Amino acid sequence: VECSIIKVWTSEALGDVVDETVQIYGGYGYSKEFPAEQAYRDARITRIYEGTNEINRTIITTRLLKAAAKGDLPLAETATSLLTQLPNVNPATKLAPLAYVESQLAVTKKAALLCLQAASLSYGDQINEEQEVLGLLADTLIDVYAIESVMLRTAKLIATRGEAQAQVQLEMAHIYACDAAERVATNTRLLHATLSDECRESEFVDALSTLRWLPPINTKAARRVIADTLIEAGRYLW
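Definitions and limits used
Residues numbered from 1 in each chain as written. Predicted model: local features only at pLDDT ≥ 70, side-chain atom pairs only at ≥ 80, totals over all residues. Heavy atoms only, no water. Salt bridge = Lys/Arg side-chain N within 4 Å of Asp/Glu carboxyl O. Helix = DSSP H or I, 4+ residues; strand = E, 2+ residues; numbered from the N terminus. Buried < 20%, exposed > 50% of the residue type's maximum accessible area, 1.4 Å probe, protein only. Patch = residues over 30% accessible without salt bridge, like charges linked within 9 Å, V, L, I, M, F, W, Y side chains within 5 Å. Areas by Shrake-Rupley, 256 points an atom, 1.4 Å probe, with all protein chains shown as cover. 1 Å grid on protein atoms, 1.4 Å probe; cavity = no way out; pocket = protein on both sides within 12 Å on 5 of 7 lines; lining within 4 Å. Points joined across faces, edges and corners; volume = space filled by probe spheres on them. Nonpolar A, V, L, I, M, F, W, Y, C, P; charged D, E, K, R; others polar. Phe/Tyr/Trp six-rings, centres within 6.5 Å; stacked < 30°, edge-to-face > 60°.

Draft legend 1. Fine view of the pattern of salt bridges. Under the counting rule described, the total for this entry stands at six salt bridges. Look at the salt bridges and you will find they share partners, linking E12, R57 and D139 into a network.

Below you can see the structure in the form of structure tokens.
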């Protein structure tokens, strides 16, 4: 599951980067005389080899649900335990440097667990035929995994360099957590609309509506901090 998540996320992030690179080069980006063209062309295959991203999205969700059905993954028990915790999900008042990221991770993890359980109840063994639903669940799980990865990597940088030397990375972590949580919230609403009428009456679906989503941060200001740092350095820093 983790390999599929990493494969999808990195290949699509690469696609976004090379697309922006061609755009920055303008007409030259489409010419073989400049490096953007080859990067753009070479990056396209990454969404196909080692299993297409569509197949990998299916793998992410179905393998988790199969593990839960076999009793190897306590999905139902964990989702049920969340029901009593949901009213208290609002740790955004913490003052630690990564508190906002940690808060977004907490709420998106809960959303992902509840969505998985609700979809499992709604579709049962037929969920393999619901590729759109599997895609929504997979995208949610990918973002949750990536938020946690960003948080852990940034925490490691702070521990080794100190907070003052990791401010730009902190801005990156905040931006990603904010954007990813917005995507998860949207996918949660879209998934809710696909559930059966019987499932909509379950406590797991009710719990989704009680999730406390954090307000977005000023990502424009954060992105300018990152851009100004790169412009001043005149090079890629990481």
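After presenting the structure, the write-up continues.
Draft legend 2. Molecular detail of unusual backbone geometry. Phi at E50 is positive, roughly 60°, even though this residue is not glycine. By the secondary structure assignment, E50 is in the loop between α2 (35-44) and α3 (53-70). In this structure E50 comes out as exposed when scored by relative accessible area, which is 68%.

Draft legend 3. Fine view of a nonpolar patch on the surface. A surface patch of nonpolar side chains, about 360 Å² in accessible area, is lined by I24, Y25 and Y28. In this structure, I24 sits in helix α1 (residues 2-25).

Draft legend 4. Region of the structure containing the layout of surface pockets. Volume-wise, the largest pocket comes out at about 1800 Å³. Lining the largest pocket are 40 residues, and of these W9, A13, V150, M172 and Y176 lie nearest its centre. Only α1, α6 (131-161), α7 (167-194) and α10 (219-233) provide two or more residues apiece to the lining of the largest pocket. Looking at the lining of the largest pocket element by element, the count peaks at 13 residues for α6. For the lining of the largest pocket, the class distribution of residues is 21 nonpolar, seven polar and twelve charged. Looking at the second largest pocket, its volume works out to about 410 Å³. In terms of lining residues, the second largest pocket is bounded by 16 residues, among which L64, L113, L116, L141 and V144 are the most central. Going through the elements one at a time, α1, α4 (75-82), α5 (99-123) and α6 are the ones with two or more residues in the lining of the second largest pocket. Broken down by class, the residue content of the lining of the second largest pocket amounts to twelve nonpolar, one polar and three charged.

Draft legend 5. Layout of the packing of aromatic side chains. A full pass over the atoms with the stated rule returns three aromatic pairs. Consider the rings of W9 and Y176, whose centres lie 6.0 Å apart with planes at 65°: the pair is edge-to-face. Separated by 167 residues along the polypeptide, W9 in helix α1 and Y176 in helix α7 bring together distant segments of the chain. On the basis of relative accessible area, W9 is assigned to the partly exposed category, the value being 35%. Of the aromatic side chains, those joined through ring pairs into one cluster are Y25, Y28 and F34.

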